[in-house]
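Each chain, letter by letter, is given below.
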Amino acid sequence: MSFPNSSFPLPMYAINKEFEIISVNQSAINTMTSGVSFLELFETESRSKVETHLRLFTAVESLEVNAISSSGALLLVDLYISWTEEDIGEVIVVRKDDAIARVSAQLDKLRTRLADTNFELLTAKETAENLLKENIKLSSPFVEISETAALVPIFGELDSEKSDRIALTLTQRAYNSTVEYVIIDFTAVGEIDQQGLSGFEKLVNMLQLVGLTVLVSGLHPKHAKEWSTLESASTIKFVNSLRLAVESIVNSPK
Amino acid sequence: MQNHAIKLANLFLHGDDHAAIAYINEVLLENNRLMLYEDLLTPAMIHIGKLWETNKISVADEHLATAICDYVISDYEFRSASLEPTHQKKVMLFGVEGEEHYIGLKMAAAVFQEFSWSVRYLGPNLPLQHAETAVNAWKPDVVAMSAALSYRLPMLKKSVQVLASTENKPTILIGGRMAPHANFAEEAAPGQVISMPTLRNLHEWLNHSGKDTEIRHVIS
């Protein structure tokens, strides 16, 4: 069969009961992919939808499916189907308005941007955490000032995380060196929190256990109050200033 | 639960995010992520797919429903205080090149987070080349990818081959509707690929692999 108006601007198909294509118009050739079966014109996920509705053998209006264009791209289309008395199915393909595609592309873009931002924030957070760790590590250097003495000036606040970190580096360094005295200097310490202090107490005990003499210098009066609450405070030697600490080591009998 | 899911699907289709969240709070008896994702959101989205197949709704409706569902997940994840990743294990998730379906993937990322894995969610339609670069740079223990449509299978296979043979030999998880059809996996990367058709499967697997020190390689 042929269509009465071959220049009809929308793709038209005539199909038999087996859904084989009997004839097509020029617009169909121009815009759609070709096939023996009508179902081949649709992407795999849409085929069953087309088939289910064709099997009704009744008129179907605006059946939305994804068709394949002559260039192989996906086309969102509406199908209009009707059946003649001779069991010929006539189908018109109407392309969907691009507005939907535009809006959904816009939505996609927004979502991607949110995901990217999220991802960037995550990366920034990781960097910040690493910096903080590095900062903590650097804020308690182990400085050997003579064969027998080492100085550990602590910078910034003393909280539990920092005292843990200090404990880790200090015990390692002290173990590998020949020092007998460790001066821990608090001159540059701002706040001390209670947990940081009890972590620090453990550290001091540990150092004393491996036979080191611990001197604490540069305590601020407000720190001194905190320290007095600690049990082991009596075994730690407190010195007013770093200068006195160094002098006491230098003058101490070898 | 099925009735609840259908009702929720209708709220998604109406674009009513507030009502959807309120409804979830009403029917979800306990604060259970797996129940929300597996018994409410997934069936709701499957129902929406069926509505399209029976020509009751259009693609535009589907997009709106997906956006609302996405929002609901983000909202839930924001509210449930996520644990800091204490786990040593790292997972990277993405949808294979060309694949635009991502809701399942996003939910899988949240499940990993619940098990306090270190998670990188790279979203849908990630070009394979980028995925490979990311795997080489970050060296995840697990790479989870998903595909929903059958014509993504060749791309899925290629992705498995490329990513499984990267330097640190990650375990590959395949999720999404194509997970049960990934028969090629055993041949593409022997002993390295696990099919994970549902979030419950993932949950169970994470429960097990959390106890073992080594991740077990099984193909279901």
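For the structure, check the block above.
Residues numbered from 1 in each chain as written. Chains lettered and ligands numbered in written order. Predicted model: local features only at pLDDT ≥ 70, side-chain atom pairs only at ≥ 80, totals over all residues. Heavy atoms only, no water.

Draft legend 1. Structural context of the overall build of chain A. Scanning chain A from terminus to terminus reveals seven helices and 12 strands. Out of the 254 residues in chain A, the part that is buried amounts to 39%. If you take every contact in chain A between residues at least 6 apart in sequence, the share linking residues at least 24 apart comes to 53%. Carbon together with sulfur atoms contributes 55% to the accessible area of chain A, which is approximately 14700 Å² in total. (Helix = DSSP H or I, 4+ residues; strand = E, 2+ residues; numbered from the N terminus. Buried < 20%, exposed > 50% of the residue type's maximum accessible area, 1.4 Å probe, protein only. Contact = heavy atoms within 4.5 Å. Areas by Shrake-Rupley, 256 points an atom, 1.4 Å probe, with all protein chains shown as cover.)

Draft legend 2. Main features of the pattern of salt bridges. Residues and elements named next belong to chain A. Per the stated rule, a full pass over the model turns up 14 salt bridges over all chains. The closest approach of N and O atoms between K17 and D87, which form a salt bridge, is 3.8 Å. Of this pair, K17 sits in the loop between strand 1 (12-15) and strand 2 (21-24) while D87 sits in the loop between strand 4 (74-83) and strand 5 (89-95), and the two are 70 residues apart along the sequence. Residue K17 is classed as partly exposed on the basis of its relative accessible area, which comes to 41%. Linking E247 and R243 is a salt bridge whose minimum nitrogen-to-oxygen distance equals 3.2 Å. Note that E247 and R243 are positioned in helix 7 (residues 242-251) at a spacing of four residues, about one turn of the helix. Connected through salt bridges with shared partners, the residues E64, D78 and K96 form a single ionic network. (Salt bridge = Lys/Arg side-chain N within 4 Å of Asp/Glu carboxyl O.)

Draft legend 3. Summary view of the sheet that holds strand 6 (residues 143-144) of chain A. All names here are of chain A. Strand order in the open sheet made by the five strands is 6-7-9-11-12, with mixed pairing throughout. Both outer strands of the open sheet, strand 6 and strand 12 (237-239), are each paired with one neighbouring strand and no more. Looking at chain direction, strand 11 (residues 213-217) and strand 12 are connected through three bridges and run parallel. Residue pairing across strands places S217 opposite V239, the latter belonging to strand 12. (Pairing = 2+ DSSP bridges.)

Draft legend 4. Region of interest: the sheet that holds strand 1 of chain A. All names here are of chain A. The antiparallel open sheet is built from five strands, whose spatial order is 2-1-5-4-3. Two strands lie at the open edges of the sheet, namely strand 2 and strand 3 (60-68), each paired on one side alone. Neighbour-to-neighbour, the strand axes of the sheet open up by a mean angle of 30 degrees, direction not taken into account. Relative to strand 5, strand 1 is paired through four bridges, and the arrangement is antiparallel. For I15, the partnering residue across the bridge sits in strand 5 and is G89. (Axes fitted to C-alpha atoms, helices over the stretch in contact; angles between N-to-C directions.)

Draft legend 5. Fine view of the packing of aromatic side chains. The full count for this structure, using the stated rule, is eight aromatic pairs over all chains. Seen in terms of ring centroids, F57 of chain A and W83 of chain A are 4.8 Å apart; in terms of plane orientation they differ by 65 degrees. Their pairing is edge-to-face. Linking F57 of chain A in the loop between helix 2 (44-54) and strand 3 with W83 of chain A in strand 4, this pair joins segments that are 26 residues apart in sequence. Note on F57 of chain A: relative accessible area 31%, which makes it partly exposed. For W83 of chain A, a relative accessible area of 18% puts it in the buried group. Geometrically, the ring pair formed by Y37 of chain B and Y76 of chain B is edge-to-face, given 6.2 Å between the ring centres and 65 degrees between the ring planes. Of the two residues, Y37 of chain B sits in helix 3 (residues 33-53) while Y76 of chain B sits in helix 4 (residues 59-79), which places them 39 residues apart along the sequence. For the residue pair Y37 of chain B and Y76 of chain B, the accessibility class agrees, reading buried in each case. Directly above the aromatic system of F57 of chain A lies the positively charged group of K17 of chain A, at a separation of 5.5 Å from the ring centroid. In this structure, K49 of chain A is placed above the aromatic ring of W52 of chain B, and the distance from its NZ or CZ to the ring centre is 3.5 Å. (Phe/Tyr/Trp six-rings, centres within 6.5 Å; stacked < 30°, edge-to-face > 60°. Lys NZ or Arg CZ within 6 Å of the ring centre and 35° of its normal.)

Draft legend 6. Spotlight on the packing of helix 1 (residues 2-13) of chain B against helix 3 of chain B. Residues and elements named next belong to chain B. Contact pair helix 1 / helix 3: the axes reach a minimum separation of 8 Å and the direction vectors enclose 65 degrees. Crossing of helix 1 against helix 3: the hand is right-handed. Of the residues in helix 3, those touching helix 1 at Q2, H4, A5, I6, L8, A9, F12 and L13 are D39, L40, L41, P43, A44, M45, H47, I48 and L51. By residue class, the composition of the contact of helix 1 with helix 3 is 13 nonpolar, three polar and one charged. (Left-handed = near helix turned anticlockwise from the far one by under 90°. Nonpolar A, V, L, I, M, F, W, Y, C, P; charged D, E, K, R; others polar.)

Draft legend 7. Highlighting the interface of chain B and chain A. On the chain A side, the residues contacting the 21 residues of chain B number 23 residues. In this assembly, chain B packs against chain A so that about 1800 Å² is buried in total across both faces, 51% of it on carbon and sulfur atoms. Interface area lost by chain B to chain A is led by W52, N55 and R120 of chain B, which between them contribute 31%. Put simply, chain B and chain A have one salt bridge between them. Between R177 of chain B and E45 of chain A there is a salt bridge, with its nearest N and O atoms 3.1 Å apart. Counting residues per element, the ones that place at least two in the side of chain B that touches chain A are helix 3, helix 4 and strand 2 (118-121) of chain B. It is helix 4 of chain B that provides the largest number of residues to the side of chain B that touches chain A, a total of four residues. For the side of chain B that touches chain A, the class distribution of residues is 10 nonpolar, five polar and six charged. (Buried area = accessible area lost by both parts, 1.4 Å probe.)

Draft legend 8. Quick peek at the nonpolar core. Residues L8, F12, L41, F112 and L202 of chain B are the most contacted members of the largest nonpolar core, which totals 54 residues. Element by element, the count of residues in this core is highest for helix 3 of chain B, at 10 residues. (Core = buried A, V, L, I, M, F, W, Y, C linked by side-chain atoms within 4.5 Å.)

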